[in-house]
Amino acid sequence: MYGQDANEVRRRADAMPLEAARARIEELVPELIRHNQLYHVEDAAEIDDRSYDLLYRELEILENRFPALVREDSPTLRVGDTPVPELTPFEHRTPMLSLSNAFSDEEMRDFDTRLKRILGDDAPEHIRYSVEPKLDGLALNLIYEDGKLIAGGTRGNGTTGEDVTHNVRTIRAIPESLSGEGLPRRLSVRGEVFFPTGGFLRMNEAREAKGVKRFENPRNAAAGTLRQLNPTVAAGRPLTFLAYALGEVEGALLPGAHTAQIDTVGSWGIPVNSLNRTANGIDEVIAAISELGAKRDSLPYEIDGAVVKVDDLALQAELGFVTRSPRWAIAFKYPPPRVHTILEKVAFQVGRTGAITPVAWLAPVRVGGVTVSRATLHNEDQVRRLDLREGDTVAIERSGDVIPKVVHVVPDEGHADRAPVDFPEACPECNTPASREEGQAVLRCPNTLSCPAQVRAAIRFFGSRRAMDIDGLGEKVVDQLVELGLVRRVSDLFALSAHDLTMLDRMGKRSAEKLIAAIEASKKQPLERALAALGISEVGESTARDVARHFRSLDAIIAATEEQLIEVDGVGAIVASKLVAFFADEGHRAEVMRLREFGVEFPEIAPPAPEDEGSPASPVAGQVFVLTGTLPTLKRSEAKARIEAVGGKVTGSVSKKTDFLVAGEAAGSKLTKATSLGVTVIDEATLLEMLA
Ligand code: IVH
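None of these values were measured; they are calculated from a predicted model.

J.: Would you mind showing me how to read the pairing of strand β16 (residues 370-376) here?
T.: In the case of a regular strand, side chains alternate between the two sheet surfaces. Where strand β15 (residues 355-367) meets β16, six bridges bridge the pair, whose relative direction is antiparallel. If you follow Val367 over to β16, its bridge partner there is Val370. Linking β15 to β16, which pair antiparallel, is a turn of two residues; within it Gly368 sits at a positive phi near 60 degrees.

Listed below in C-alpha cells is the structure:
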C-alpha cells in the first residue's frame, strides 16, 4: 500500500508478541487521537497523511491480532478513519414544525373552510395557496451568515436536532456561499435532503456488486447518510437538497408572501422546487394536487404528497399554530402507488443456505417512478393465500421500498382456468430432490456443495464485507467465475491467477491483479471472520466471533462436541448441532483443509494475559445502551440481540447510567435527554463497527 515502510510496519506488527502489542496499542491510541484532533479540529497537523495512515494501519493490525486489546476509545471504532466529534445537538432558533395530513379532497375542503372560519372577516373569497411537492427525505436547517454557509442541522424533535454540518458540506446542491441582492446577515433556510431515484438505484446496484446490503428505500438511506460521523461516506453518495421554508431571518426585509420568499431564496443560489405553484381557492388547489399526482411517476425523485400552504404571511400570522404544526399548512398524502401488471411466472430462487423461495416475475411496469419486474413472495403459504396463478393480473404496491409487494389478484374470467402454482419437487438449479424440514414452510436443496446457486451465493458471501472482505469480488464477477467453471467451490478462488481473471467481461489486467492481491490478503483474516465466511447455517458474524474467541483455534472448533459448544455464551442447541454437522461432513472438512493448503491462515487467537482473564473482549461488553428512532438497516430487536450477544446491556430509558444512545431516524425525546446528560450518541454504523 505504501511501499517499503508499509511492509516494514506490517512485518513488525505481525511479529509483535502480546505484551509488546499491548504497550504499543497504549501508545498508538492516544497518539492517533491527538493527531485527529490536530488535523480535524485545530487545523494544525503535525504529521503528513501518509504517516498518519501508517500509524493507523499498525493499530489495525495489532487489534486484529489481539481483539481483546481493542480499547474503547480506539480510533478504529469510529466510523471511517477521519472521525468527526460525535454528533452534537443543534438548537433551532425558530422551531422546525411538522404538518398535519389530509387524505382526501373532502379533507382539503374542510381545511379551507376551517381557515376561513378562523379568519372571519379577514378571509378572502379565495385564499391564495402554494402547492408544493412533498419530498420524501428528511428535513434540514441550513444557517447562512453574511451569505456564507456556517451550519446545518437535522430537525430532531423540532427544537433540537443534530449538527450535521460536516455532511451538509459534501452536498453539491447546497451552496457554500450565496450571492445576489439583499442578503440577510443571518438566514435560516429549511428544506429536504433526499436521494434522486436514479442516483439511489445506481448506488444500490453498486452496493450489491460490492456485497454490501442494499438500502430498502431512499428515505432511510438519506437519514443514515446524513447521520454518518465520517463525511467521506456522504461525499460518495448522490444526496441533494431543495429548500421549502425559511426560519429566522435577520438583517433583511423579505417579501410578504411565502412563494415570493422562496423565489428570493432561489435567486440567491439555493435550489428550490420548480414545480411549486400557486392556486387561488380550494378548487384550484385540488386540481393542482391531482395534476402533481399525475406527474408523480415521471419525477426524478419520490414524493409522498403535496404540501399546501397559505401564501400570504400576514394571514399565516393570523392563523398561527396548534402544538407542533401550523394551522396554515397541510400535507395531502397520496396513496402508495399501486399498479396492475401480469404475473408472468412464479420462479424459484435458491439461497445460500439452500432455501428455495418463490419470486414473482412481472411484466415490467413503472410504479412510483421505478420500473419493476420482480416482487418478493415469502413462501408457499403466501402464494396459496393470495391464490396466485401464472397469467393472472395482479395489483402491486410500492410504498417507499424498492421491491414491491403483490397485494391481490385482480379477478378476471381466466383465473379459474389457470393452474395453481406448482411447487418444485427438485431444486430448480441442480435438480437434487428438495426436502422440507418437519413443521417448516421452507423447501430446501440439500446439495450444499455443488448446487450452482448455492455455490454462487456461498462465494459471494465468502468475499463480502462481512466475511473475508475481498474487494472487487462482486456479484457479476462471481457469477462469471462460476459460469466459466473457474470456481466450483470457495477454495478455488485461491487457485486463480490474474491471467484466469482476464477472461472475464470488463476485467482488465490491472483490476485482475488487484483482485488477486485482495484474495491473497484475505488469507490473513482473523479466525472469527474466516469462520463466518464458511457460511455455516445459523453461524453469523456474532456467533462466529463468540465461538472463535472461546476456542481460539480452528482445530479446537472442529474438535468441539455439541456439549462443549453449548458452553459458549450465545450458542444454543441448534447452532451447536449445525456446527457439529458441518464439520462432520467430509466434503466440508476437505474444503477447509484445501483452504488451509492454499494458505488461508485461520489464525489462532492468543490466550488473554493473566490480568486480562475474564475481561470483556468486545468494546460493547459491559456497556449500557438505549436504542431510539428507526435505524437504517437493523430492526431494534436485532440491534438489541447483537449487543446482548457480546455482553452489552440494552435498557429502555436514558439515564446517567447509559453509556451510549443509538439514535436512528426520527429520534425524539431520548436523544434530547441523552445530549443533556452528556451521554454519547452514536449511529447504527458506529454501533456496527463496535460490534464488529
Ligand atoms: S413545509 C411549517 N414543505 O414534510 C412547514 N415540508 O411533516 C414545515 N416536507 O418535516 C414544513 N416537502 O421534511 C414543507 N414542500 C415542503 C415539504 C415539506 C417535504 C417534509 C418536511 C417536514 C415534513 C412535514
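After presenting the structure, the write-up continues.
J.: Where do I start with the side chain of Arg24 in this structure?
T.: Secondary-structure assignment places Arg24 in helix α2 (residues 18-41). Those residues in contact with Arg24 that lie beyond four places of it in its chain are Met16, Leu55, Glu58 and Leu62.

J.: Where do I start with the sheet that holds strand β13 (residues 329-333) in this structure?
T.: Backbone hydrogen bonds are what pair the strands of a sheet, in a parallel or an antiparallel way. Across the sheet, five strands lie side by side as β2-β13-β10-β3-β9; this open sheet has mixed pairing. Each having just a single partner strand, β2 (101-102) and β9 (277-280) make up the two edges of the open sheet. Two elements, strand β10 (residues 303-310) and β13, share five bridges in a ladder whose sense is antiparallel. Residue pairing in the sheet places Lys309 in a bridge with Ala329 of β13. The sheet strands contacting helix α4 (residues 105-119) are β2, β3 (128-135), β10 and β13, and the helix crosses β13 at an angle near 175 degrees. Running at roughly 145 degrees to β9, helix α10 (residues 281-295) makes contact with β3, β9, β10 and β13 of the sheet.

J.: How should the nonpolar core be read in this particular structure?
T.: Soluble globular proteins tend to bury their nonpolar side chains together. In terms of nonpolar packing, the biggest core is built from 52 residues, with Ile459, Phe462, Leu473, Leu481, Leu493, Leu534 and Phe583 touching the most fellow members. Of all elements in the fold, only α13 (452-463), α14 (475-483), α16 (509-522), α17 (527-533), α18 (541-551), α19 (554-559), α21 (573-584) and α22 (586-597) reach the threshold of two or more residues within this core. Setting aside chain neighbours within four positions, we find Leu473 in contact with Ala209, Ile459, Gly463, Val478, Leu481, Leu493 and Leu515. The next biggest cluster of nonpolar side chains, apart from the first, holds 32 residues, and it includes Phe215, Ala221, Ala222 and Val402.

J.: What should I look at first to understand the packing of aromatic side chains in this one?
T.: Two descriptors summarise a pair of aromatic rings, namely the distance from one centre to the other and the angle between the planes of the rings. Applying the stated criterion across every chain yields a total of nine aromatic pairs. Between the aromatic rings of Phe625 and Phe660, the centroid separation amounts to 5.2 Å while the plane-to-plane angle is 20 degrees, which identifies the pairing as stacked. Here Phe625 is found in strand β21 (residues 624-628), whereas its partner Phe660 is found in strand β23 (residues 660-663), with 35 residues between them in sequence. One exposure class covers both Phe625 and Phe660, and it is buried. Of note, Arg352 hangs over the ring of Phe461, and the distance from its end group to the ring centre comes to 3.8 Å. We note Arg374 situated over the ring of Trp361; from NZ or CZ to the ring centre the distance is 4.1 Å.

J.: Please clarify how the state of the cysteines should be interpreted in this entry.
T.: The term disulfide refers to a covalent linkage connecting the sulfur atoms of a pair of cysteines. Tallied over the full model, the rule gives zero disulfides. With no disulfide of its own, Cys445 has Cys430 as its nearest cysteine by sulfur position, at a separation of 3.6 Å. For the unlinked cysteine Cys451, the closest cysteine sulfur is that of Cys427, found at 3.8 Å.

J.: Explanation requested: the pairing of β3 in the structure shown.
T.: In terms of burial, β3 is a largely internal element, seven of the eight residues being buried. Direction of pairing for β3 relative to β9: antiparallel, over a ladder of four bridges. Within β9, the position partnered with Tyr129 by the bridge is Ala279. Pairing geometry for β3 and β10, over seven bridges, is antiparallel. Residue Glu132 lies in a different strand from β10, and its bridge partner there is Val307.

J.: Quick question: what am I supposed to make of the packing of α4 against α10 here?
T.: Packed helices, taken two at a time, are described by their axes: the angle between them and the distance between them. Where α4 meets α10, the closest approach of the two axes is 10 Å, and the angle between their N-to-C directions is 145 degrees. The hand of the α4/α10 crossing is right-handed. Taking contact as the criterion, the partners of Asp105, Met108, Arg109 and Asp112 in α4 are, on α10, Ile282, Asp283, Val285, Ile286 and Ile289. Within the contact of α4 with α10, the residues separate by chemical class into five nonpolar, no polar and four charged.

J.: Just checking my understanding: could you explain the site of the ligand for this structure?
T.: Close to the ligand lie 15 residues, the nearest being Glu132, Leu135, Glu192, Tyr244 and Lys309. Here a nitrogen atom of the ligand and a backbone polar atom of Leu135 are 3.3 Å apart. Here an oxygen atom of the ligand and a side-chain polar atom of Glu192 are 2.4 Å apart. The protein chains hide 89% of the 520 Å² of surface that the ligand would expose on its own.

J.: Any chance you could explain the sheet that holds strand β5 (residues 148-154) here in plain terms?
T.: Strand order in the open sheet made by the four strands is β5-β4-β7-β8, with antiparallel pairing throughout. The two strands at the open ends of the sheet, each matched to only one other strand, are β5 and β8 (240-250). Going from strand to strand, the sheet's axes swing by 25 degrees on average, the running direction of each strand aside. The pairing of strand β7 (residues 186-194) with β8 spans eight bridges and is antiparallel. Across the sheet, Glu192 pairs through a bridge with Leu242, a residue of β8. Packing against the sheet, helix α7 (residues 218-226) makes contact with β4 (138-145), β5 and β7, and its axis sits at approximately 40 degrees to β4. Where helix α9 (residues 258-267) meets the sheet, it contacts β7 and β8, and its direction lies at approximately 110 degrees from that of β8.

Reading the values: rules and limits
Residues numbered from 1 in each chain as written. Predicted model: local features only at pLDDT ≥ 70, side-chain atom pairs only at ≥ 80, totals over all residues. Heavy atoms only, no water. Pairing = 2+ DSSP bridges. Helix = DSSP H or I, 4+ residues; strand = E, 2+ residues; numbered from the N terminus. Contact = heavy atoms within 4.5 Å. Axes fitted to C-alpha atoms, helices over the stretch in contact; angles between N-to-C directions. Core = buried A, V, L, I, M, F, W, Y, C linked by side-chain atoms within 4.5 Å. Buried < 20%, exposed > 50% of the residue type's maximum accessible area, 1.4 Å probe, protein only. Phe/Tyr/Trp six-rings, centres within 6.5 Å; stacked < 30°, edge-to-face > 60°. Lys NZ or Arg CZ within 6 Å of the ring centre and 35° of its normal. Disulfide = S-S within 2.5 Å. Left-handed = near helix turned anticlockwise from the far one by under 90°. Nonpolar A, V, L, I, M, F, W, Y, C, P; charged D, E, K, R; others polar. Near = heavy atom within 4 Å. Polar contact = N/O pair within 3.5 Å; in protein donor to acceptor, adjacent residues only side chain to side chain. Areas by Shrake-Rupley, 256 points an atom, 1.4 Å probe, with all protein chains shown as cover.

Any functional reading would require information beyond the geometric quantities listed.
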